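If you want the building blocks of each chain, they are given just below.
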Amino acid sequence: MQFVDEASIIVEAGKGGNGCLSFRREKYVPKGGPDGGDGGHGGSVYLIGDDALNTLIDFKYQRFYKAENGQGGMGRQMSGKAGDDLHVKVPVGTTVIDEDTLEVIADVTEIGQVVLVAQGGRRGLGNIHFKSSTNRAPRRTTPGTEGDRRNLRFEMKVMADVGLLGMPNAGKSTLIRSVSAAKPKVANYPFTTLVPNLGVVKLGMHEHFVMADVPGLIEGASDGAGLGLRFLKHLTRTRLLFHVVDVAPFDESDPVQAAKAIVHELGQFSPALSERPRWLVLNKFDLLPEDEREARAQAIIDALNWEGPVFRISAISNDGTDKLVQAAYRWLTERQRLEHEDEEAHAREQEMRRRMEEESVARTEARLGRKRKPADDDDDDFDDDDYDVDVEYAP
């Protein structure tokens with residue numbers, strides 16, 4: 001199965017039915033008069049958030065969605081049937097963007113959330129509406145109006161509370177495997193993770209949070225190196241970032257330089273995302289002699305001038321992971337309580353999300369080399385090569 005987190009489609013609402021020009025002609029009724037009915041309204045196009053979907057792959061194969069046209073009016077004052085609305089299911093976490101204006105139309109973040117993306121055309125009026133004392137046989141009707149037609153771009157971002165950030169082979173996938181039921185691929189070579197993975201971290205009854213693992217970054221990712229910054233957008237919905245650092249890299253590279261490179265690439269992608277709370281998670285301590293562990297950790301902390309929370313763990317042996325997830329859950333709970341009770345804190349969070357969304361959209365457009373297209377330009381520039389990654393989902 002392919003993981004597709006970006007897609008472009010065309011939606012078109014139904015046209016309104018035309019009004020009818022008709023006169024009543026009935027035996028024994030000498031003065032029938034106008035009796036043309038109205039047309040039916042055109043159907044609209046709606047998007048619905050569906051938690052059963054976790055990819056946009058369906059929109060790779062079907063790109064045109066059209067609602068039903070309204071039926072024309074008929075004689076005997078009969079109105080035409082309204083066109084049926086079209087409801088298109090999208091994964092929860094999908095951002096909807098108008099490709100022509102680059103306007104963010106909606107953010108589908110809840111199950112069952114309904115978003116109108118194309119309004120159906122208005123019905124036309126029959127000639128019965130235009131009779132008067134001076135015009136008893138009107139031959140005037142109005143046509144139905146055209147429905148909206150829009151070029152839309154979908155960007156799906158996974159819904160998670162905590163995001164894992166780090167270089168390839170830092171141990172992010174091992175960490176999410178050790179604290180959740182997620183089973184991403186783990187191997188002793190870089191770029192094992194090619195697509196985002198989600199895991200639910202359960203601490204007890206009704207105590208859990210969602211963790212997201214994204215493909216690792218390397219220096220120069222903002223210029224397209226490695227997998228680039230394409231998947232960093234999935235971290236814009238998180239509240240807390242774990243910066244996972246390998247304290248004993250197999251290639252003997254400098255962990256400090258690796259950590260600084262990640263911070264730089266994060267700022268290049270989204271300055272707002274780089275302002276998110278970030279915890280330093282020093283991983284693979286089991287590979288160091290016990291008498292060197294604390295000195296190595298302190299050297300990294302001092303070199304980074306780190307002042308935030310620091311956790312020393314070994315993801316593969318679960319050493320220190322319980323303390324990490326317990327602290328994260330307490331922090332998330334307190335953060336949610338504060339935003340619920342404090343209007344200013346809630347406003348700051350919404351402003352932060354707005355900034356990250358704008359920066360994410362701008363980065364995506366820059367990466368794809370897209371420019372605003374004229375409204376009448378229906379050029380199909382969909383590239384199949386963007387989505388050639390195969391994913392196996394664990395049962």
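All of these numbers come straight from a predicted model, not from anything done at the bench.

What counts and how
Residues numbered from 1 in each chain as written. Predicted model: local features only at pLDDT ≥ 70, side-chain atom pairs only at ≥ 80, totals over all residues. Heavy atoms only, no water. Helix = DSSP H or I, 4+ residues; strand = E, 2+ residues; numbered from the N terminus. Buried < 20%, exposed > 50% of the residue type's maximum accessible area, 1.4 Å probe, protein only. Contact = heavy atoms within 4.5 Å. Areas by Shrake-Rupley, 256 points an atom, 1.4 Å probe, with all protein chains shown as cover. Axes fitted to C-alpha atoms, helices over the stretch in contact; angles between N-to-C directions. Parallel < 35°, antiparallel > 145°, perpendicular 65-115°, else oblique. Nonpolar A, V, L, I, M, F, W, Y, C, P; charged D, E, K, R; others polar. Pairing = 2+ DSSP bridges. Salt bridge = Lys/Arg side-chain N within 4 Å of Asp/Glu carboxyl O.

S.K.: Could you clarify how one ought to interpret the overall build of the chain in this entry?
M.R.: Assigned secondary structure in the chain consists of seven helices and 14 strands. Burial analysis of the chain (395 residues in total) assigns 49% to the buried set. Counting contacts in the chain only where the partners sit at least 6 residues apart, residues at least 24 apart contribute 75% of the total. A total accessible area of about 20100 Å² is found for the chain, and carbon and sulfur atoms account for 48% of it.

S.K.: Even after reading the chapter, I still don't get the packing of helix H2 (residues 172-179) against helix H6 (residues 321-341), so can you show me in this structure?
M.R.: In a packed pair of helices, the relevant descriptors are the angle between the two axes and the axis-to-axis distance. H6 packs onto H2 with a crossing angle of 80° between their chain directions and a minimal axis gap of 11 Å. As far as their axial angle goes, H6 and H2 are roughly perpendicular. Packed against H2, whose contacting residues are Leu-175, Ser-178 and Val-179, the element H6 presents Thr-321, Leu-324 and Val-325 at the interface. Its residues placed into classes, the contact of H2 with H6 shows four nonpolar, two polar and no charged.

S.K.: Is there a simple way to explain the sheet that holds strand S2 (residues 45-50) in this structure?
M.R.: Backbone hydrogen bonds are what pair the strands of a sheet, in a parallel or an antiparallel way. With respect to topology, three strands assemble into an open sheet ordered S4-S2-S7, the strand pairing being mixed. Whereas interior strands pair on both sides, the edge strands pair on one side only; in this sheet they are strand S4 (86-91) and strand S7 (114-118). Across the sheet, the axes of successive neighbouring strands diverge by a mean angle of 35°, strand direction being ignored. Relative to S4, S2 runs parallel, the two sharing six bridges. Each bridged residue has a counterpart across the sheet, and for Val-45 the counterpart in S4 is Leu-86.

S.K.: What am I meant to see in the sheet that holds strand S10 (residues 197-204) here?
M.R.: In spatial order, the strands read S10-S11-S9-S12-S13-S14; together these six strands make up an open sheet with mixed pairing. The open sheet has two free edges, formed respectively by S10 and strand S14 (310-312), since each of these has just one partner strand. Sheet twist, expressed as the average angle between the axes of neighbouring strands with direction ignored, equals 25°. Sheet strands in contact with helix H3 (residues 255-269) are strand S9 (162-166), strand S12 (240-246) and strand S13 (278-283), and its direction is about 150° off that of S12. Each of S9, S10, strand S11 (207-213), S12, S13 and S14 is contacted by H6, which is oriented at about 105° to S11, the strand it contacts most.

S.K.: What's the story with the pattern of salt bridges in this structure? I'm lost.
M.R.: Once their charged atoms are close, side chains differing in charge can pair, the charge on each being opposite to the other. Scanning the model with the defined rule gives 24 salt bridges in all. When the shortest N-O distance is used, the salt bridge between Glu-275 and Arg-355 registers 3.3 Å. Of this pair, Glu-275 sits in the loop between helix H4 (271-274) and S13 while Arg-355 sits in helix H7 (residues 343-368); the two residues are 80 residues apart in sequence, bridging distant segments of the chain. A residue is classified by how much of its surface remains accessible, and Glu-275, at 46% relative accessible area, is partly exposed. For the salt bridge of Arg-353 with Glu-349, the shortest nitrogen-to-oxygen distance reads 2.9 Å. A residue pair is termed a helical-turn pair when its members lie 3 or 4 positions apart in one helix, as Arg-353 and Glu-349 do in helix H7 at four residues. Judged by relative accessible area, Glu-349 falls into the buried class, the value being 2%. Linked through salt bridges whose partners overlap, the residues forming this network are Glu-6, Glu-99, Arg-153, Glu-155, Lys-157 and Glu-357.

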